[in-house]
Amino acid sequence: RTFERKPITMKKLLTLARAAITTMSLLTACGGQEGAAEDAQVALNSLYAGWAEEYHWTEDAASSGENDILMMNVEGDLLESYYPGLADVATEQLIAKAPMMSAVVNEIVLVQCGSEEDAATAASILQDRVDAQAEGGAWYPESMETWSNAQVIQEGAYVAMVACAQNQAEIVEQFQQQFQ
């Protein structure tokens, strides 16, 4: 009996590498101590970078491909405009990304707060954004529908807002896997 070997795609390889890195970082952080899993840090920059590579999100218009989604940092006045009060919440990590073209729904916010109470505040602020966009703030019917499926997830002191026209469920699942 012969078996045909299927080639490993770059996407599969990157997913496996990311899973291995996440597992190693959790094991390293735990150090064999009881209860250490709750203290493990999730590197939100690395998590986002993996998604950006896998889903073709880029911030470099000059080198972007035809199917890439151009993303930008949401910071300063824009951060306050999109998520009023979020800048006042004590955060250890904050990544807020949105597409450069507003007709494309692909908004990601990842936050590690100083406490679960601060995370609940951040989650409420992010849910207000989701609700406002779904109820007409996104203007276009297709965009409002995508926003109505957006999710805000709190895992202890971590919060994610995922509003994506594509790969929504995968991204939410990958975020939640960081805490299992």
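Quick note: structure is the one above.
No experiment lies behind these values; they were computed from the predicted model shown.

Caption draft 1: Up close: the side chain of Gln133. With respect to the helices and strands, the residue Gln133 is situated in helix H5 (residues 116-137). Residues contacting Gln133, with those up to four places away along its chain left out, are Ala138, Met144 and Trp147.

Caption draft 2: The sheet that holds strand S4 (residues 106-113), seen in detail. Strands sit in the order S1-S2-S3-S4-S6-S5 across an open sheet of 6 strands; the sheet is mixed. In the strand order of this sheet, the two ends are held by strand S1 (57-58) and strand S5 (151-155), each with one partner. Bridging between strand S2 (residues 69-73) and strand S3 (residues 91-99) involves 3 bridges; their strand directions are antiparallel. Bridging from a neighbouring strand, Asn73 pairs with Lys97 of S3.

Caption draft 3: Structural context of unusual backbone geometry. The phi angle at His56 is positive, at roughly 65°, despite the residue not being glycine. Among the secondary structure elements, His56 is positioned in the loop between helix H3 (44-55) and S1. For His56, a relative accessible area of 44% gives the class partly exposed. Even without being a glycine, Asn167 presents a positive backbone phi close to 70°. Residue position: Asn167 is located in the loop between strand S6 (158-164) and helix H7 (168-177).

About the criteria used
Residues numbered from 1 in each chain as written. Predicted model: local features only at pLDDT ≥ 70, side-chain atom pairs only at ≥ 80, totals over all residues. Heavy atoms only, no water. Helix = DSSP H or I, 4+ residues; strand = E, 2+ residues; numbered from the N terminus. Contact = heavy atoms within 4.5 Å. Pairing = 2+ DSSP bridges. Buried < 20%, exposed > 50% of the residue type's maximum accessible area, 1.4 Å probe, protein only.

Interpretation in functional terms is not warranted from these geometric data alone.
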